Amino acid sequence: MDMLSERATKMREALQKSESITDKMVSILGSFDHRLSTLESAMRPTQIRTHAIRKAHENIDKTLKAAEVILSQFDISLQAEAKILKGPHEDLESYLQAIEQLRNNIRFFSENKSFKSSDGVLNHSNNLLVKAISKLEEEFKQILSSYSKPVEPERLFECLPNSMRPSSGSPGDQADSSGKIPSSHSHSEHQNSEENSAYTTPTLIPPRILPLLHDLAQQMVEAGNQQQLLIIYREARSPVLEESLRKLGVEKLSKDDVQKMQWEVLEAKIGNWIHFMRIAVKLLFAGERKVCDQIFEGFDPLMDQCFAEVTAGSVAVLLSFGDAIAKSKRSPEKLFVLLDMYEIMREIHLEIETLFRGKPCNEIRESALGLTKRLAQTAQETFGDFEEAVEKDATKTAVADGTVHPLTSYVINYVKFLFDYQSTLKQLFREFENGDDSNSQLAAVTMRIMQALQTNLDGKSKQYKDTSLTHLFLMNNIHYMVRSVRRSEAKDLLGDDWVQRHRRVVQQHANQYKRIAWAKILQCLSVQGLTSSGGGSAASIDGGNSSGVSRAIIKDRLKTFNMQFEELHQRQSQWTVPDTELRESLRLAVAEILLPAYRSFTKRFGPLVENGKNPQKYIRYNPEDLEHMLGEFFEGKTLNDPKR
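Let me begin by describing the structure that accompanies this report. Everything numeric here is computed off the predicted structure, so don't read it as measured data.

Rules and cut-offs
Residues numbered from 1 in each chain as written. Predicted model: local features only at pLDDT ≥ 70, side-chain atom pairs only at ≥ 80, totals over all residues. Heavy atoms only, no water. Helix = DSSP H or I, 4+ residues; strand = E, 2+ residues; numbered from the N terminus. Contact = heavy atoms within 4.5 Å. Areas by Shrake-Rupley, 256 points an atom, 1.4 Å probe, with all protein chains shown as cover. Patch = residues over 30% accessible without salt bridge, like charges linked within 9 Å, V, L, I, M, F, W, Y side chains within 5 Å. Salt bridge = Lys/Arg side-chain N within 4 Å of Asp/Glu carboxyl O. Lys, Arg positive; Asp, Glu negative; His and termini not counted. Charge placed at Lys NZ, Arg CZ, Asp CG, Glu CD. Axes fitted to C-alpha atoms, helices over the stretch in contact; angles between N-to-C directions. Parallel < 35°, antiparallel > 145°, perpendicular 65-115°, else oblique. Nonpolar A, V, L, I, M, F, W, Y, C, P; charged D, E, K, R; others polar. Expected span 1.5 Å × (residues − 1). Bend = angle between axes of the 7 residues up to and from the residue. Buried < 20%, exposed > 50% of the residue type's maximum accessible area, 1.4 Å probe, protein only. Arc of directions from axis to C-beta. Phe/Tyr/Trp six-rings, centres within 6.5 Å; stacked < 30°, edge-to-face > 60°.

### As for the overall build of the protein chain
Thought 1: Along the backbone of the protein chain there are 22 helices and 0 strands.
Thought 2: Taking as baseline every contact in the protein chain between residues at least 6 positions apart, the subset at least 24 positions apart corresponds to 79%.
Thought 3: Here the protein chain displays about 34,900 Å² of accessible surface, and carbon together with sulfur accounts for 51% of that area.

Right, dumping it as structure tokens:
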């Protein structure tokens, strides 16, 4: 216990001593804190001065750097000005770089308005930029003009498919004597193959020049000079395009000019116009579009506007001729050229829609579409006029020999020619009719034309005083119609029923001709009325029953036969059956009724005459003579032709 008490006492003393030391340390540290506060207060002004000096140094560095940038902009501006004053002609690339540097310079000073001389610098730079762009405009104009030359016809012809090129490339051979550019293919060949033909777009400006022109145009657009650029481009390219067409042969003709032309001249000009439209759209306008697209790439509205303004005059000249034809007085012979014109407008429709795209070209597209519709309308009206004209044709000139009437051959050739335009006509029907089958519409129209022709021929046949010639005339003309239909595509449209029906009509007229023309002469060879109570008579001869037959009547019959046959021979050898097969068939049909009757009559009653005076006066011909003379019928001889 004593030991524990002693240890506790020592621990208490140690704790008291430790507490005393702690108090002393706290006192010492408190005095340090006071001294540090005093020192900090003393150093604060020095710290403030040091910070200010550091800030001043930073501001000086920034100012020097800003001054450096400004001075470098001045240097750049001076360098750019020097290049710009030299002009773009010697080194266009450096000139364009100088303009870009000048633009950067203007942007810099526009963003740093605090610089007291910035307004002066901006004014100077802007004035310099205006001059630079003005020189660029001159350079653009000079380069574009120097490379804008009319395209010679020979170059254009070389871009056509081989089948469409003129036979000779020399300027004098561009058109034939009628003024029409020759074409080596027929309408049907053109219709089948033209859409797949290869056209080569001509190079109007060398490809190496186009990027240069594009760069110049870009600078002008960035300077806000689009309108001036448009004017320069139009004035350089539009006259060149018009001159290319003029060299090709395109003329500016008014409606009055067209109305005054002879049909042959007008027809040749229409043929040329079709050729010109194809060349203009597929070659010249396509080439111009290519140039325009490359120069104004990236400036779509301006690209379309420039193309529209450059081509507007040329398009107007071409379409105005088409309009003059569409609005001119209608006549049947114009139908085919109207269909040709309608075809070419449909052929180039897709190209027109593609080339003349964009809002600025709306008017041109609408004008082309309007012409297509007017041509279709006029063609349809002309077609209707033709049907009416056939039915009402009042030609008074009859064909004296009963041959095929000119109207018949004209109408049939017209109809046959129409079938070269089947697809075009069907397209017309689809445009103007209410969805009916175009095949049946074409068949119906063709049948109406054929019926109109028959109606007219019936009227013309009544001009003949000789009824047998009436039937010969109708036989010839309807046979011509049937034969022509059988040999053409019209057969598929009109059908076998139409052909068979009209073949029967031909046969009916042939039978009527035989009945009327030969009935009277056959009566001379009839046994009826041969008996007579007066005059000399003969008994039975060679077992034949000729008792009671008057020799005088036999003589009179033979005499009348000779006279009538000679009249028929003289008259009907002047008549014509132009078809060889039909002519021989008709002669054979006549021979089959005449020769047996003549042989029978002369065999039975000839001896009555042969035993009398001058028998050759009555039995003038033997059957072979008659057959030979029948071979001269329907040859269309004149009275002065020698006999065979």
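### Overview of a positive patch on the surface
Thought 1: Residues Lys416, Arg486, Arg487 and Arg503 make up a contiguous surface patch of positive charge.
Thought 2: With respect to the helices and strands, Arg486 occurs in helix 17 (residues 467-486).

### With respect to the packing of helix 10 (residues 300-327) against helix 13 (residues 362-392)
Thought 1: Where helix 10 contacts helix 13, the two axes come as close as 10 Å, and the packing angle between them is 10 degrees. If you check the angle between helix 10 and helix 13, you find them roughly parallel. Across the interface between the two elements, Ala308, Thr311, Ala312, Val315, Leu319, Gly322, Asp323, Ala326 and Lys327 of helix 10 pack against Ile364, Ser367, Ala368, Leu371, Arg374, Leu375 and Thr378 of helix 13.
Thought 2: Here the residues of the contact of helix 10 with helix 13 sort into 9 nonpolar, 4 polar and 3 charged.

### So, helix 7 (residues 226-248)
Thought 1: Taking 1.5 Å per residue, 23 residues should reach 33 Å; helix 7 reaches 33 Å between its end C-alpha atoms and fits that length.
Thought 2: Of all the bends in helix 7, the greatest measures close to 25 degrees and is centred on Arg234.
Thought 3: Following helix 7 by one or two positions, Gly249 adopts a phi angle in the positive range, close to 125 degrees.

### Some remarks on helix 14 (residues 406-418)
Thought 1: The terminal C-alpha atoms of helix 14, which comprises 13 residues, lie 18 Å apart, in line with the 18 Å expected from a rise of 1.5 Å per residue.
Thought 2: Within the span of helix 14, buried status applies to Leu407, Thr408, Val411, Ile412, Tyr414, Val415 and Leu418. Here the buried residues of helix 14 occupy an arc of 155 degrees about the axis, which is enough to place them on one side.

### Some words on the pattern of salt bridges
Thought 1: Applying the stated criterion to the full structure yields 26 salt bridges.
Thought 2: With its nearest N and O atoms 2.7 Å apart, the salt bridge here joins Lys282 to Glu351. Placement of the pair is Lys282 in helix 9 (residues 263-295) and Glu351 in helix 12 (residues 349-355), with a sequence separation of 69 residues.

### A short note on a nonpolar patch on the surface
Thought 1: Taken together, Ile21, Met25, Ile28, Leu29 and Phe32 make up a surface patch of nonpolar side chains, about 490 Å² in accessible area.
Thought 2: Take Met25: it is sitting in helix 1 (residues 2-86).
Thought 3: Judged by relative accessible area, Met25 falls into the partly exposed class, the value being 44%.

### Let's talk about the packing of aromatic side chains
Thought 1: On inspection of all chains with the given rule, the structure shows 22 aromatic pairs.
Thought 2: Measuring from ring centre to ring centre gives 6.0 Å for Phe561 and Phe565, while their planes differ by 10 degrees; the resulting arrangement is stacked. Residue Phe561 and its partner Phe565 are located together in helix 20 (residues 551-572), separated by 4 residues, close to a single helical turn.
Thought 3: Its relative accessible area of 0% is what places Phe561 among the buried residues.
Thought 4: With relative accessibility at 0%, the residue Phe565 sits in the buried group.
Thought 5: Arranged with centres 5.8 Å apart and planes meeting at 80 degrees, the rings of Phe633 and Phe634 form a pair that is edge-to-face.
Thought 6: Judged by relative accessible area, which is 1%, Phe633 ranks as buried.
Thought 7: By relative accessible area, which is 1% here, Phe634 ends up buried.
Thought 8: An aromatic cluster is defined as three or more aromatic residues linked by ring pairs; in this entry it consists of Tyr513, Trp518, Phe561, Phe565, Tyr598, Tyr621, Phe633 and Phe634.

Taken by themselves, the reported measurements are silent on function.
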